[in-house]
Amino acid sequence: MSTVFAVTTALLSAAALAALVRLLRGPVALDRIVALDMLLTLIVAGTAVGVAARQERSFLPVLLLLAILAFIGSIAAANLIERREGMR
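Worth saying up front: this structure is predicted, and the values here are computed from it rather than measured.

Tracing the backbone through its elements, the reader meets G46 in helix α2 (residues 29-54). Residue G46 is classed as partly exposed on the basis of its relative accessible area, which comes to 32%. Each C-alpha atom, one on G46 and one on V62, is 12 Å from the other, the two residues being 16 residues apart in sequence.

What follows is the structure, given as structure tokens:
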């Protein structure tokens, strides 16, 4: 693994740790939803870095599936927040 991949993995890990802390400590539900979306995006990015480091294309469908699930989850969370705000 080259230095670029190692540095990128370390930075993504640090960002994922910060997102995990926000996910656990977030004072409101919206903070937790944004942190979860960020964590899923970082997982997709980390998987992409791993795929690039190994020069293997078999994980590309996994990347696509994770990205789609993260997008659908963000849409569902935004819809839930909108419904809650409308009920007040």
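What follows continues from the structure just given.
Time to look at α2. Along its 26 residues, α2 runs 37 Å from first to last C-alpha, staying within 8% of the 38 Å computed at 1.5 Å per residue. Buried within α2 we find A35, L39, L42, V44, V49, G50 and V51. Positive phi appears at Q55, one or two residues downstream of α2, with a value of about 50°.

As a packed pair, helix α1 (residues 3-25) and α2 sit with axes 9 Å apart at the nearest point and diverge in direction by 160°. Put simply, α1 runs roughly antiparallel to α2. In the crossing of α1 with α2, the sense of the turn from one axis to the other is left-handed. When α1 is examined against α2, the residues F5, T8, T9, L12, A15, A16, A19, L20, R22, L23, L24 and R25 are found in contact with a partner set consisting of D31, R32, A35, L36, M38, L39, L42, A45, G46, V49, A52 and A53. Partitioning the contact of α1 with α2 into residue classes produces 17 nonpolar, three polar and four charged.

Conventions and cut-offs
Residues numbered from 1 in each chain as written. Predicted model: local features only at pLDDT ≥ 70, side-chain atom pairs only at ≥ 80, totals over all residues. Heavy atoms only, no water. Helix = DSSP H or I, 4+ residues; strand = E, 2+ residues; numbered from the N terminus. Buried < 20%, exposed > 50% of the residue type's maximum accessible area, 1.4 Å probe, protein only. Expected span 1.5 Å × (residues − 1). Axes fitted to C-alpha atoms, helices over the stretch in contact; angles between N-to-C directions. Parallel < 35°, antiparallel > 145°, perpendicular 65-115°, else oblique. Left-handed = near helix turned anticlockwise from the far one by under 90°. Contact = heavy atoms within 4.5 Å. Nonpolar A, V, L, I, M, F, W, Y, C, P; charged D, E, K, R; others polar.

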